[in-house]
Amino acid sequence: MRKHSNSTAKHRFTAYGQDQGWRPLQLLDEVHWINTSANPLPHSELLVSAGRIVHIHQIGPGGIPTRPGVRTYRWASETALTEFWASFYLAWEASGLLSLNWDSYFAWQAPQQSLGLVISGWGKCPGTAIDMLLTQAAATRLATDLNAVLIIEGNTSTTLGDCLEIVNALESNLEFAITTTSWVSPSYSGYGLKLLTFCQP
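Each value, and the rule that gives it
- Residues numbered from 1 in each chain as written.
- Predicted model: local features only at pLDDT ≥ 70, side-chain atom pairs only at ≥ 80, totals over all residues.
- Heavy atoms only, no water.
- Helix = DSSP H or I, 4+ residues; strand = E, 2+ residues; numbered from the N terminus.
- Buried < 20%, exposed > 50% of the residue type's maximum accessible area, 1.4 Å probe, protein only.
- Contact = heavy atoms within 4.5 Å.
- Areas by Shrake-Rupley, 256 points an atom, 1.4 Å probe, with all protein chains shown as cover.
- Phe/Tyr/Trp six-rings, centres within 6.5 Å; stacked < 30°, edge-to-face > 60°.
- 1 Å grid on protein atoms, 1.4 Å probe; cavity = no way out; pocket = protein on both sides within 12 Å on 5 of 7 lines; lining within 4 Å.
- Points joined across faces, edges and corners; volume = space filled by probe spheres on them.
- Nonpolar A, V, L, I, M, F, W, Y, C, P; charged D, E, K, R; others polar.
- Polar contact = N/O pair within 3.5 Å; in protein donor to acceptor, adjacent residues only side chain to side chain.
- pLDDT = per-residue confidence, 0-100.
- Pairing = 2+ DSSP bridges.

Asker: Just checking my understanding: could you explain the overall build of the chain for this structure?
Answerer: Looking only at helices and strands, one finds 5 helices and 7 strands in the chain. Ordered by position from the N terminus, the helices and strands of the chain form the series β-α-β-β-α-α-β-α-β-α-β-β. Expressed as a percentage of its 201 residues, the buried residues of the chain come to 46%. Long-range contacts, defined as pairs at least 24 residues apart, comprise 66% of the intrachain contacts of the chain with a sequence gap of at least 6. Of the accessible surface of the chain, which amounts to about 10,600 Å², a share of 54% is contributed by carbon and sulfur atoms.

Shown next, in the form of structure tokens:
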């Protein structure tokens, strides 16, 4: 993706293969590399020279090296990966009730040896969505001393009070700070929660 803005027309995504001899004409805002056994990691220099932020994604089990200046993630499936990032960029575009400080998003550096993990929950009301997410957190023994990012997905009847209820409940139970963003759609049913944390593997 070359340039972030409030206009979807200015977001451009381009797919590249490792066997392509390419270099962007200008530094990309973000580079996402999906790591599989058939798609080994390129040299760090290649990725860092291409984007301001470099994300490396490991799908499923297997070792994944963490590298300085690179945000590294583990995903249960490709569907989990695409659903999170689709929701993340939609929140970026929507600029809804709660919005991240996007300048800080670019400036933030993941601590060395940390691994990004995402858990999700859904419910017809905020309480059931909270309970589902906390169940997932307990199952994964989620623990971090870093700020986490929460995406709240809802319909157009979602209120700021709903969002505060969700954030307060999660912060009090998980005992770490949460930075929150959100988006709403008239066709969305219930409340969806996606929580990204960076933990020591």
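The structure having been displayed, the exposition proceeds.
Asker: I would appreciate a short explanation of the packing of aromatic side chains in the present structure.
Answerer: Under the criterion given, the structure shown has 12 aromatic pairs. The interplanar angle of 40 degrees and the centroid separation of 5.8 Å between the aromatic rings of Trp75 and Phe84 together place this pair among those described as tilted. Take Trp75 and Phe84: they sit in the same class, and that class is buried. Ring centres of Phe84 and Trp85 lie 5.1 Å apart, and the angle between their planes is 85 degrees; this geometry places the pair in the edge-to-face category. In this structure Trp85 comes out as buried when scored by relative accessible area, which is 6%.

Asker: Can you help me understand unusual backbone geometry in this one?
Answerer: Note on backbone geometry: most residues besides glycine have negative phi, and most peptide bonds are trans. Although it is not a glycine, Glu175 adopts a positive phi angle of roughly 65 degrees. Within the element layout of this structure, Glu175 appears in the loop between helix H5 (160-174) and strand E6 (178-184).

Asker: Teacher, can you tell me more about empty space enclosed by the protein here?
Answerer: In this approach a probe as big as a water molecule rolls over the atoms, and the regions it shows empty are the leftover space. Tallying each qualifying case throughout the model produces 1 cavity of 30 Å³ or more. Empty space within the largest cavity amounts to approximately 70 Å³. Along the walls of the largest cavity sit Thr66, Arg67, Pro68, Gly69, Val70, Thr72, Ala110, Pro111, Gln112, Gln113 and Ser114, which together make up its complete lining. Classifying every residue of the lining of the largest cavity gives 4 nonpolar, 6 polar and 1 charged.

Asker: Would you mind showing me how to read the environment of Gly127 here?
Answerer: Structurally, the position occupied by Gly127 is in helix H4 (residues 126-139). Remark: the alpha-carbon pair of Gly127 and Ala169, spanning 42 residues in sequence, is separated by 8.9 Å.

Asker: Teacher, can you tell me more about the environment of Asn155 here?
Answerer: Note on placement: Asn155 falls in the loop between strand E5 (148-154) and H5. Distance in space between the C-alpha atoms of Asn155 and Ser187 is 6.6 Å, their sequence separation being 32 residues. Dropping the residues within four chain positions of it, Asn155 is found in contact with Val184, Ser185, Tyr188 and Gly190. For Asn155, the side chain forms a polar contact with the side chain of Ser157, separated by 2.4 Å.

Asker: How should I be thinking about the confidence of the model for the chain in this particular structure?
Answerer: Detailed reading of the predicted coordinates is not advisable wherever pLDDT falls low. In this model, the chain carries an average pLDDT of 80, and 76% of its residues clear a pLDDT of 70 or more. Across residues 1-9 the pLDDT falls below 50, and counting only partners more than four positions away or on other chains, this stretch makes 30 contacts in the model.

Asker: Can you help me understand the environment of Ser157 in this one?
Answerer: Tracing the sequence through the fold places Ser157 in the loop between E5 and H5. By relative accessible area, Ser157 is classed as partly exposed at 48%. Between the C-alpha atom of Ser157 and that of Val184, which follows or precedes it by 27 residues, the distance is 8.4 Å.

Asker: Explanation requested: the pairing of strand E7 (residues 191-199) in the structure shown.
Answerer: Along a regular strand, successive side chains alternate from one face of the sheet to the other. Across the 9 residues of E7, 9 count as buried, placing the element largely inside the fold. The side-chain alternation of E7 yields two buried faces, one formed by Tyr191, Leu193, Leu195, Thr197 and Cys199 and the other by Gly192, Lys194, Leu196 and Phe198. The sheet contact formed by strand E4 (residues 115-123) and E7 spans 9 bridges and is antiparallel. The residue of E7 that forms the bridge with Ile119 is Leu195. Pairing geometry for E5 and E7, over 5 bridges, is antiparallel. Within E7, the residue paired with Ile151 across the bridge is Lys194.

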